[in-house]
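Architecture at a glance
The residues making up each chain are set out below.
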Amino acid sequence: MSNPMVKCSVDQCTHYMPGEQCMAAKISVYNDELKGNSGKPQDTLCKAFHHRKTMGDMVGAFHNANIGGTMTAAFLEGTQITPAVECFVNNCKFWDNGNYCNAENIHVAGPNASKTSDTDCETFQDNK
Ligand code: SF4
Ligand code: SF4
């Protein structure tokens with residue numbers, strides 16, 4: 001089992017914090033629903049994305065907030081906080097059994113994202 005450090009530039013997301021940080025406790029990376037599999041980073045998405053302009057999403061965002069012990073410890077130690085990553089893109093070369101991601105870092109991006117499918121795991125690489 002491993003967990004990558006998450007860098008995210010999706011500043012439209014409620015979980016985003018300046019410094020390319022994600023404050024969610026956990027994120028799930030999926031294939032875009034329409035296609036059902038991924039051949040390039042644009043076919044993947046971060047399911048934990050919550051658009052910060054949508055009031056209804058605030059509740060969901062707070063549910064998945066990485067607050068409390070982990071965050072306090074991270075701030076005290078000066079380390080960067082990172083969410084647990086679960087990934088269902090099983091043809092990515094970093095994917096591992098149990099829906100783990102073996103990459104050291106992942107980069108989530110999605111300029112002006114307004115929905116989950118606007119976000120991508122830029123680190124995706126087809127294992128073919
Ligand atoms: S888009 Fe995903 S990785 Fe980025 S801040 Fe939101 S929940 Fe975190
Ligand atoms: S790098 Fe691959 S295995 Fe890791 S989260 Fe992104 S798509 Fe999933």
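Going along each chain's sequence as written, the residues are numbered from 1 onward. Key to labels: chains lettered from A, ligands numbered from 1, both in the order written. Predicted model: local features are reported for residues with pLDDT of at least 70 only, side-chain atom pairs are reported and counted for 80 or more only, and whole-chain, interface and lining totals are derived from all residues. Calculation of side-chain values draws on the structure's entire complement of heavy atoms; hydrogens and water are dropped beforehand.

What follows covers the UniProt feature "domain: DUF1540" (unreviewed entry) in the protein chain. UniProt positions are given in the numbering used here, feature names are shortened, and annotations may be inferred rather than shown by experiment. As recorded in UniProt, the feature "domain: DUF1540" (unreviewed entry) lies at residues 6-49 and 85-124. For helices the rule is a DSSP run of H or I covering at least 4 residues; for strands it is a run of E covering at least 2, with both sets numbered from the N terminus onward. Secondary structure across residues 85-124 comprises 0% helix and 35% strand; the distance between its end C-alpha atoms is 13 Å.

Around ligand 2 sit V29, C87, C92, F94, W95, C101, I106, C121 and T123, and those are all the residues in its vicinity. Lys, Arg, Asp and Glu make up the charged group, whereas Ala, Val, Leu, Ile, Met, Phe, Trp, Tyr, Cys and Pro make up the nonpolar group; the residues left over, Gly among them, are polar. Partitioned by chemical class, the residues of the shell around ligand 2 number eight nonpolar, one polar and no charged. We call a residue near a molecule or strand whenever a single non-hydrogen atom of that residue lies within 4 Å of it.

With 22 residues, the main nonpolar core has V6, V10, I27, I106 and V108 as its most contacted residues. Among all residues touching I106, those that are not within four sequence positions of it are P4, M5, V6, K7, I27, V85, C101, C121 and T123. Here, nonpolar core means buried Ala, Val, Leu, Ile, Met, Phe, Trp, Tyr and Cys residues that are tied together by side-chain atoms lying within 4.5 Å of each other. Under the scheme applied here, a residue whose accessible area is under 20% of the maximum for its type counts as buried, over 50% as exposed, and between as partly exposed, the area being computed with a 1.4 Å probe on protein chains only. Any pair of residues with heavy atoms lying within 4.5 Å of one another is described as a contacting pair.

Right, let's get into the site of ligand 1. Around ligand 1, the neighbouring residues are C8, V10, C13, H15, Y16, C22, I27, C46, A48, F49 and V108. In terms of residue class, the shell around ligand 1 is made up of 10 nonpolar, one polar and no charged.

Moving on, we come to the pattern of salt bridges. Each reported salt bridge corresponds to a side-chain nitrogen of Lys or Arg within 4 Å of a carboxyl oxygen of Asp or Glu. If you walk through the whole model with that rule in mind, you get four salt bridges. With a shortest N-O distance of 3.6 Å, K26 and E86 are connected by a salt bridge. Residue K26 is found in strand β4 (residues 26-31), and its partner E86 is found in strand β6 (residues 84-87); the two are separated by 60 residues along the sequence. Residue class for K26 comes out partly exposed when judged on its relative accessible area of 38%. Here E86 falls in the partly exposed class, since its relative accessible area comes to 21%. Of the charged contacts, one joins D126 and K128 as a salt bridge, the two residues approaching to 3.6 Å between their closest N and O atoms.

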